[in-house]
Amino acid sequence: MDNKNKGPILNGLPANVPDIDPQETQDWIDSLDALVEEGGTARARYIMLNLIQRARQQRIGVPSLTATDYVNTIGAEDEPWFPGDEEVERRFRRWIRWNAAVQVQRAQREGIGVGGHISTYASAATLYEVGLNHFFRGKDHPGGGDHIFYQGHASPGMYARAFLEGRLSAEQMDGFRQQSSHYVNGKPFGLPSYPHPRQMPDFWEHPTVSMGIGPQAAISQAQFDRYLHNRGIKDTSQQHTWAFLGDGEMDEPEARGMLQYAAYEELDNLTFVINCNLQRLDGPVRGNGKIIQELESWFRGAGWNVIKVIWGREWDPLLAKDRDGALVNLMNATPDGDYQTYKGESGGFVRDNFFGRDPRTKAMVEDYTDQQIWNLKRGGHDYRKVYAAYKAALEHTGQPTVILVKTVKGYSLGPHFEARNATHQMKTMALEDLKAARDHFSIPISDKQLEENPELPPYYHPGEDAPEIKYLLDRRHELGGFTPERRSKYVDIKLPDDKVFEPGMRGSGKQEIASTMAFVRILKDLMRDKEFGKRVVPIIPDEARTFGMDSFFPTKKIYNPHGQNYISVDRDLFLSYKEATDGQLLHMGINESGSTTALTAAGTSYATHGEPMIPFYIFYSMFGFQRSGDQFWAASDQMARGFILGATAGRTTLTGEGLQHGDGHSHVLSSTFPSIVSYDPAYAYEIATIIRDGLHRMYDPEDPRQDPNVMYYITMYNEPMVQPKAPEDLDTEGIIKGLYKLKDGNKTEGPKVQLMASGVGVPWILEAQEILEKDWGVSADVWSVTSWQELRRDGQEADDARLLDPEAEHRVPFVTQKLLGSEGPVIATSDFTRTVPDMIRQYVPNHFTSLGADGYAISDTRPAARRYFLIDAHSVVVQALISLADTGEIDMSKAAEAAKKYGLDDPRKGVSGTTGGDA
Ligand SMILES: Cc1ncc(C[n+]2csc(CCOP(=O)(O)OP(=O)(O)O)c2C)c(N)n1
Ligand SMILES: [Mg+2]
């Protein structure tokens, strides 16, 4: 056989093995050829597939096929008995459909016009209702309840159900998308557009609407459930994660990028339900292709169990008659673009353009009326088919399951909506659409009622005593309560004693260690704490050695649900690589994005599981907010609590790593997250103080601060230095609020300046303080700024209060107050861009100048790079002299003299910083 014909099927087959009996091989090939000639290709295909199946049964090791025919995975004869009352469920499902559409319509009313989505829920209603009536377990279920990721823009359907359940009133329903301006009983009450736990904390649990993040977060959730279980923290064996996703959404790299984790970890506690309505926002997902087939191959190739639900029960008799495979062939060969068009046309059109393409299939529907043909439904609108798929998914073990369900976008909303390219964006129904939908759903609302004001069609609720409502509530009761529902009650936790932080407060003695290493020591002590230690979840995307965390490998071990089933190469070493089922370290591989969703799952465990777990996610700071910003945003929406550690921070500090590594701006990015509290500490004792404070803010019921749902972002460096002991009179409040005086200037007479720096910049201003005094007789006070951002936020809060009540006596911002009485201009520097220190500019009463590492990082030594960016000690000195000249204290010639003397324009003359340290 020539090589070019060895397609993918032969890859992996022992095709390169020498043929020991060419004659026998040829006989087999000849008989296949004969089969094709006699029985046709369909018959030959059938036999071949059966042979492959038989070969697999005989364990011959043929590769698996990743795609199957375009038919349901579960045959009609294998469908289970449906335990519900299909009629009753259909009735209230229609009411929900109606109310969901009406909610969006009403939100479009004159003067409001805030819109919403109608067509997505319309296509997915059955998928949700089968789950809600038969599968999804609520929070009161003895097994702990399921985690359900609802498709974001299907939210009107969830609200509409809550309305029937009595959880939302009609007035509240009308607050859709008017969170601050809609009032109910004299108070603002609005419903957020999409699932936002932060804004509806008793209802929504998982934010999903940024496409791609939901699927990834669901995998992390299922993984984390297993982690909790395997570590003996909580029995999660009965908890299942369901993620409802769009077929268009599956094009996001994040949506597909973690499938291998789920398969490798055998997460059979996870089911994806992908609503394949064949459309995204603008048009078809794969007009010329078949998204269901593509996803089937993709998921199966990644090791998932795949269940396709393509055709409704009306097709079963036709498929049973399809003896020569003509219908299946047609189904296989028809592209999605055509399938979409069929649903935008009519029964007659389907007869001519689908069945009519082959005389055999044409004959099959000869005695069908056009209406009967039109009624041949898609699998996703068939209750029993969906039920069968969900049941099979739950029963499947050893693999996660994806259910690929074919539906019609805008289903049941009439010809203006169904399968139209524009359907996603359509928000209003014309009077005739309303009437048609009302008829279709059998809603007892009269023409007159609709005509009165088509902008405001009424919601429908039959009253709480209606048998349908009783049935619906019974089902939810049986399954453990309503969903979506979020709770945030958690077991008491004992925070670590302050003693744990003492080593950090003592500094490093004479030893030079980087602040990253100082942090790792603090973390080690936290993990050693008898009661609290087990709640710590270190999360690392393959940089543990860089940060000195390999010391945790043998003691705390790397989580792997399979344990360690190989002979480890370094088993004899003291710091051997050790994987274990109950390992504490979540090592995510080189996957910052997945680490961030792992952070989310761990950081929300206080709510999802009632078990507070404290994630410490540590990574190269360059690959944090810049790379995973949207995941951090979703984590913040979900009110994750925990610590985000941006290690190897700084534009100049990460020895020689250069442009794509030197982070001089993550604090700008983190400042855009309202619930992330950012710090750029200089020393171990500052880090210890901040972590202690964070734990109290998040989990101490006595802590007075309002929002415990915060994450702390702390940047750390890899430059070795002596970590000083905390001063006796440590200004803890200053460290937490962002600024404290580290060292007073020596002189009482003569010009004065105030030097400020954060992080690794603090030693440079200490250096500058000495030079200023020695060379120029200038006295400088030195301030460590632990958080430019917190200082700014405090100032903004004070500003906001003034806006509302300009005449009242207002609070002076913390930084302004702190600087009262401090004489002379302020010079601020750091290993970040100027934007970072500039955050406080408007709250500093003194003359203010900032230095910053603006521009891309370069590969060089630390001292040279710092001089290149003009942020080092000597740059600070020259800037201080310029500022003193600008404020009339000295003559500018002094500054010029200094610039010359220090060779400020020559990076070779830079001296601020050491070489070495791990990177
Ligand atoms: C990251 C991201 N990009 C774009 C959007 C805007 N958006 C909202 S819904 C949608 C189309 C969704 O199509 P699909 O996933 O197929 O869901 P369907 O509504 O068809 O069920 C788009 C592009 C988004 N929400 N998130
Ligand atoms: Mg879609």
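For every chain, the first residue of the written sequence is number 1, and numbering continues from 1 onward in sequence order. Working convention: letters from A go to chains and numbers from 1 go to ligands, in the order in which they are written. pLDDT decides what is reported in this predicted model: residues at 70 or higher carry local features, side-chain atom pairs at 80 or more are listed and counted, and totals for whole chains, interfaces and linings draw on all residues regardless.

1. Structural notes on the overall build of the protein
Helical segments are the DSSP runs of H or I of at least four residues, strand segments are the runs of E of at least two, and each set is numbered from the N terminus. When its secondary structure is counted, the protein shows 34 helices and 22 strands. Taking 2.2 N^0.38 as the reference for a compact globule, 919 residues should give roughly 29 Å; the C-alpha atoms of the protein span a radius of gyration of 33 Å, in line with that estimate. Across its three principal axes, the protein shows a C-alpha extent of roughly 105 × 85 × 50 Å. With C-beta atoms placed from the backbone, a residue is labelled by how many other C-beta atoms lie within 10 Å of its own: buried for 20 or more, exposed for 12 or fewer, partly exposed between the two. Considering the protein as a whole, with its 919 residues, one finds that 50% of them fall into the buried category. Throughout, a pair of residues is in contact if the C-beta atoms placed from their backbones lie within 7 Å. The contacts in the protein between residues at least 6 apart in sequence include a share of 76% that link residues at least 24 apart. Atoms considered for the radius of gyration are the C-alpha atoms alone. The globule rule reads 2.2 Å times the number of residues to the power 0.38.

2. Side note on the sheet that holds strand 5 (residues 270-276)
The criterion for strand pairing is that DSSP finds at least two bridges linking the strands in question. Strand order in the open sheet formed by five strands is 1-4-5-7-6, with parallel pairing between adjacent strands. Pairing within the sheet leaves two strands with one partner each, and these edge strands are strand 1 (147-149) and strand 6 (305-309). Across the sheet, the mean angle separating the axes of adjacent strands is 15° when strand polarity is ignored. Relative to strand 7 (residues 401-406), strand 6 runs parallel, the two being bridged by five bridges. Looking at the pairing, Lys-308 lines up with Leu-404 of strand 7. Along the sheet, helix 3 (residues 119-134) makes contact with strand 4 (241-246), strand 5 and strand 7, crossing strand 5 at roughly 155°. Here helix 16 (residues 383-395) sits on the sheet and contacts strand 5, strand 6 and strand 7; the angle it forms with strand 6, its principal contact strand, is near 175°. Helix axes are fitted to C-alpha atoms over the stretch in contact, other axes to C-alpha atoms as well, and angles between N-to-C directions run from 0 to 180 degrees.

3. Observations regarding the pairing of strand 5
The element strand 5 is extensively covered by neighbouring structure, given that seven of its seven residues are classed as buried. Side chains of strand 5 alternate between two faces, with Leu-270, Phe-272, Ile-274 and Cys-276 and Thr-271, Val-273 and Asn-275 buried alike. Bridge analysis of strand 4 against strand 5 gives six bridges, and the strand direction is parallel. Following the sheet pairing, Trp-242 is matched in strand 5 by Thr-271. In this structure, strand 5 lies alongside strand 7, joined through six bridges in parallel fashion. Paired with Phe-272 across the two strands is Val-402, which belongs to strand 7.

4. Description of unusual backbone geometry
Of note, the amide linkage connecting Thr-483 to Pro-484 takes the cis form, showing an omega dihedral of 0°. Along the chain, Pro-484 falls in the loop between helix 19 (467-478) and helix 20 (502-506). Of note, the phi angle at Leu-278 is positive, near 70°, even though the residue is not glycine. On the neighbour-count criterion, Leu-278 (28 C-beta atoms within 10 Å) is buried. For Ser-412, which is not glycine, the phi dihedral falls at a positive 75°.

5. So, the sheet that holds strand 19 (residues 752-757)
Strand order in this open sheet of five strands is 18-20-19-21-22, and the pairing throughout is mixed. Each of the sheet's edge strands pairs with one partner strand only, and the pair in question is strand 18 (739-743) and strand 22 (848-850). Pairwise comparison of adjacent strand axes, ignoring direction, gives a mean angle of 25° for this sheet. As paired elements, strand 18 and strand 20 (residues 779-785) share four bridges and run antiparallel to each other. Pairing of Leu-739 across the sheet is with Val-785, part of strand 20. In the packing of helix 29 (residues 762-776) onto the sheet, the strands contacted are strand 18, strand 19, strand 20 and strand 21 (826-829), and the crossing angle to strand 20 comes to about 175°.

6. Notes on the domain arrangement of the protein
Under the domain assignment, the protein is made up of domain 1 (86-312 + 377-479), domain 2 (498-549 + 585-722) and domain 3 (741-909). Each of domain 2 and domain 3 was reduced to a C-alpha centroid, and the two centroids are 27 Å apart. With 29 residues of domain 2 at the contact, the number on the domain 3 side is 28 residues. Elements with a minimum of two residues in the side of domain 2 that touches domain 3: helix 26 (666-670), strand 15 (676-679) and helix 27 (684-699). Per element, the largest residue contribution to the side of domain 2 that touches domain 3 is three residues, and it comes from strand 15. When residue character is reported, Ala, Val, Leu, Ile, Met, Phe, Trp, Tyr, Cys and Pro are called nonpolar, Asp, Glu, Lys and Arg charged, and the others, Gly included, polar. Counted by class, the side of domain 2 that touches domain 3 contains ten nonpolar, 14 polar and five charged residues. Bear in mind that the domain bounds are from an automatic or database domain assignment.

7. Thoughts on the site of ligand 1
Contact assignment follows one rule, namely that a residue is near a molecule or strand if its backbone-placed C-beta atom lies within 6 Å of it. Taken together, 17 residues surround ligand 1, and among them Thr-120, Met-211, Gly-246, Gly-248 and Glu-249 come closest. Of the residues that constitute the shell around ligand 1, the class distribution is three nonpolar, ten polar and four charged.

8. So, the UniProt feature "domain: Pyruvate dehydrogenase E1 component middle" (unreviewed entry) in the protein
UniProt's entry tags residues 496-721 with the feature "domain: Pyruvate dehydrogenase E1 component middle" (unreviewed entry), counted in the numbering of this structure. Its end C-alpha atoms 27 Å apart, residues 496-721 is made of 32% helix and 16% strand. UniProt positions are given in the numbering used here, feature names are shortened, and annotations may be inferred rather than shown by experiment.

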